[in-house]
Amino acid sequence: MTTQSPSDFPIRARSTATGPVHPDPELEISSEDEPEPERKGLSQGQIVRRKFFDNTAAIISLVVFAAIFLLAFTSEGFAGIPGWWKYNHTEFVPLLNGGVPTITGPFSWGEHPFGQDSIGRDYFAMTMRGTQNSIIIMFLIGALAGLVGVVVGACSGYFRGWPEAVLMRFTDIIIIIPVVLAAATLGKAVTRFVGSGGQIWLLGLFLGLVLWTGLARLVRGEFLTLREREFVDAAKIAGASNTRIIFKHILPNAVGVIIVNTTLLMSSAILLETALSYIGFGVKAPDVSLGLIISQNQEAFQTRPWLFWFPGLFIVLICLSINFIGDGLRDAFDPRQKKFRAGRVKDSAKSAAA
């Protein structure tokens, strides 16, 4: 009597009450977890750069923000370097056609493309100067609040114990500071002792020192999760120092959360500075910011609405650009983010069904 092995029997399709079972299309799609062929052999920096440039919205936003930045800092001039525009934000000239904007096309700007205010100042020069100040404050707040928030959140989440208790209680104290009231007090002190020249730098410095608390809590939560992962245990066994583990192993895995929240902080910083300047607690005359320009011309909303169009347009464009750039950077730095290709999924499903 011969013994038959299972391989001697014919292979038959298994069936259920509802019909034969076909390969699950989800299993075919799971091959997306494998490294994409075009990314094999690339360094981490090359992969990040390629993923970022694949994000159309981020690239468009980067181009828009770069154009706004160059237009603001080259037209009005900066740090003693004169700009190419013939007027500045403090120069008074006779009103031309009632201050109506003279721009008629992309290459036809006229004498005053954004118009003039009620006392004859060129509105394009004022808007560019306000954009400069708003961008400077935005970068100061983003850099300072990002640095403090990451350091406090990383140390409290990694070390735990008394360092976490001290840092988190300090964070709670900073949270309860009324930002508007403190900024108003600081604004008066700056105007009295420093003058208008340094007020935007001190305003950005102060706001950066009080707006890091949300980022610190988010970074702490990420570190609490990542410190329990196997690669951290392996680094400890290999003899890596705490500083190396934090900055070399854990921090790169939390960079997505840090970038997104820092960019959101920067865009909200522009809105906060605009609000403070609008109510008179931010940048003060003779200097200008986008919020102060709107505040100075709020009574002319019905008769000369263009005095609100241009500052408001630049505020919206800067905030949206920063948000989309941060979204693209988050997707590029996060290794778990993969570009969804609908065509590839459909082809896999069809081949599986066949």
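Higher on the page you've got the structure.
Residues numbered from 1 in each chain as written. Predicted model: local features only at pLDDT ≥ 70, side-chain atom pairs only at ≥ 80, totals over all residues. Heavy atoms only, no water.

With the rule as written, the count across this model stands at 14 aromatic pairs. Ring geometry for Phe65 versus Phe69: centroids 6.4 Å apart, planes at 40°, classification tilted. Pair noted here: Phe65 and Phe69 are both in helix H3 (residues 56–75), with a separation of four residues, about one helical turn. On the accessibility criterion, Phe65 (10% relative accessible area) is buried. Here the aromatic cluster, defined as three or more aromatic residues joined through ring pairs, consists of Trp84, Trp85, Tyr87, Phe114, Phe124, Phe310 and Phe314. The residue whose ring lies beneath Lys86 is Trp85, and the NZ or CZ to ring-centre distance is 5.8 Å. (Phe/Tyr/Trp six-rings, centres within 6.5 Å; stacked < 30°, edge-to-face > 60°. Helix = DSSP H or I, 4+ residues; strand = E, 2+ residues; numbered from the N terminus. Buried < 20%, exposed > 50% of the residue type's maximum accessible area, 1.4 Å probe, protein only. Lys NZ or Arg CZ within 6 Å of the ring centre and 35° of its normal.)

This part covers the environment of Thr127. Following the sequence through the fold, Thr127 ends up in helix H4 (residues 123–159). For the pair Thr127 and Ala72, spaced 55 residues apart in the sequence, the C-alpha separation amounts to 8.2 Å. Sequence-distant contacts of Thr127, that is, excluding residues within four places in its chain, are made with Phe114, Leu290, Ile293, Phe310, Pro311 and Phe314. (Contact = heavy atoms within 4.5 Å.)

This next bit is on the nonpolar core. In a soluble, globular protein the nonpolar side chains are often hidden away together inside. Membership of the largest hydrophobic core comes to 51 residues, with the highest contact counts inside it found for Phe65, Phe114, Ile135, Met138 and Ile318. Mapped onto this core, the elements with two or more residues apiece are H3, H4, helix H5 (161–175), helix H7 (199–210), helix H11 (255–278), helix H12 (290–296) and helix H13 (306–333). Per-element accounting of this core gives the leading share, twelve residues, to H4. In contact with Ile318, not counting residues within four places along its chain, are Phe65, Ile68, Thr131, Ile135, Met138 and Ile270. Counting residues in each nonpolar core, the second largest holds 15 residues, with Ala154, Val232, Ile245 and Ile246 among its members. (Core = buried A, V, L, I, M, F, W, Y, C linked by side-chain atoms within 4.5 Å.)

Now for unusual backbone geometry. With glycine set apart, most residues show a phi of negative sign, and most peptide bonds adopt trans. In this structure, Arg160 is a non-glycine residue whose phi angle is positive, near 55°. Summarising the element assignment, Arg160 is placed in the loop between H4 and H5. Under the relative-accessibility criterion, Arg160 is labelled partly exposed at 35%.

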